[in-house]
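# Reading the structure
In case you want the letters, here they are:
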Amino acid sequence: TLFRSWTLCEGELMTTSCKVTKLLKGNEYIFRVMAVNKYGVGEPLESEAVKAQNPFTVPSAPKSIEITSVTKESMTLCWARPESYGGSEISGYIIERREKSSLRWMRVNKKPVYDLRVKSSGLREDRKS
């Protein structure tokens, strides 16, 4: 048998929302709400189990990379914003490159760029970067 103990978060609220604090990160919680009037307490509505966690995460990968303006020393990369921002505004993009025959990635930009387009120069011809 499953034993559940309930903790009263707020008593007799007049609103239809309530911020519950002092939860432990990683723990799962189930909430229930009951309406009260002068005749007593109604039946509870119970939530699904919800894990207490940070609502923010890393963004998803940018989409639709396109390489244009190819020369023997440079290429221009264009891409689309990620589908998910992870709950926080994108603060920039880091661009890296590697030669096809190498496993080592090298940064193209020193600081994150906010544009959706960047020119990578200093390439070597016929190295298939």
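Our subject in this report is the structure included herewith. (Residues numbered from 1 in each chain as written. Predicted model: local features only at pLDDT ≥ 70, side-chain atom pairs only at ≥ 80, totals over all residues. Heavy atoms only, no water.)

### Here we look at the overall build of the protein
What counts, and what does not: Comment: elements are numbered from the N terminus, with helices defined as DSSP H or I runs of at least four residues and strands as E runs of at least two. Each residue is placed in one exposure class: buried if its accessible area under a 1.4 Å probe, protein chains only, is under 20% of its type's maximum, exposed if it is over 50%, and partly exposed if it falls in between. The contact criterion used throughout is that any non-hydrogen atoms of two residues lie within 4.5 Å. For the area figures, the Shrake-Rupley method with a 1.4 Å probe applies, and any residue is considered shielded solely by the protein chains shown.
The secondary structure content of the protein amounts to 0 helices and 11 strands. Starting at the N terminus and ending at the C terminus, the protein contains elements arranged as β-β-β-β-β-β-β-β-β-β-β. When the 129 residues of the protein are sorted by exposure, 12% land in the buried category. Within the protein, counting contacts between residues at least 6 apart in sequence, those at least 24 apart form 41% of the total. Of the roughly 11500 Å² of accessible surface on the protein, 53% is carried by carbon and sulfur atoms.

### Topic: unusual backbone geometry
Glycine aside, the phi torsion of most residues is negative, and most peptide linkages are trans. In this structure, Lys-22 is a non-glycine residue whose phi angle is positive, near 65°. Within the element layout of this structure, Lys-22 appears in the segment before β1 (28–29). A positive phi angle, near 55°, is found at Ser-64, a position not held by glycine. Since its relative accessible area comes to 60%, Ser-64 is described here as exposed.

### Quick word on the nonpolar core
Cut-off, in case you're wondering: By convention a nonpolar core is built from buried Ala, Val, Leu, Ile, Met, Phe, Trp, Tyr and Cys residues, the set being connected through side-chain atoms within 4.5 Å.
Residues Leu-77, Trp-79, Ile-90, Tyr-93, Ile-95 and Val-118 constitute the largest nonpolar core, which totals 6 residues. For Trp-79, the residues in contact, after removing those within four places along its chain, are Pro-62, Lys-63, Ser-64, Ile-65, Tyr-93, Ile-95, Val-113, Asp-115, Leu-116, Arg-117 and Val-118.

### With respect to the packing of aromatic side chains
Test applied: Here the aromatic set is Phe, Tyr and Trp, taking the six-membered ring for Trp, and pairing holds for ring centres within 6.5 Å; pairs whose planes are under 30 degrees apart are stacked, those over 60 apart are edge-to-face, and all others are tilted.
Under the defined criterion, the tally for this structure stands at 2 aromatic pairs. Consider the rings of Trp-79 and Tyr-93, whose centres lie 5.5 Å apart with planes at 65°: the pair is edge-to-face. Separated by 14 residues along the polypeptide, Trp-79 in strand β8 (residues 74–80) and Tyr-93 in the loop between β8 and β9 (96–97) bring together distant segments of the chain.

### A closer look at the sheet that holds strand β7 (residues 63–68)
To keep it simple, the criterion reads: Strand pairing follows a simple DSSP-based rule, namely that at least 2 bridges must link the two strands. Orientation is described by lines fitted to C-alpha atoms, with helices fitted over the stretch in contact, and by angles between N-to-C directions that extend from 0 to 180 degrees.
Across the sheet, which stays open at both edges, the 3 strands sit in the order β7-β8-β11 with antiparallel pairing between neighbours. Edge positions in the sheet fall to β7 and β11 (117–121), since each of these pairs with one other strand and no more. Each adjacent strand pair in this sheet contributes to an overall mean axis angle of 25°, direction not counted. Judged from the 4 bridges that link them, β7 and β8 form a sheet pairing that is antiparallel.

### Considering the pairing of β8
With 5 of its 7 residues buried, β8 lies for the most part within the structure. Sheet topology note: the β8/β11 ladder contains 5 bridges and is antiparallel. Note on β11: the bridge partner recorded for Cys-78 is Arg-117.

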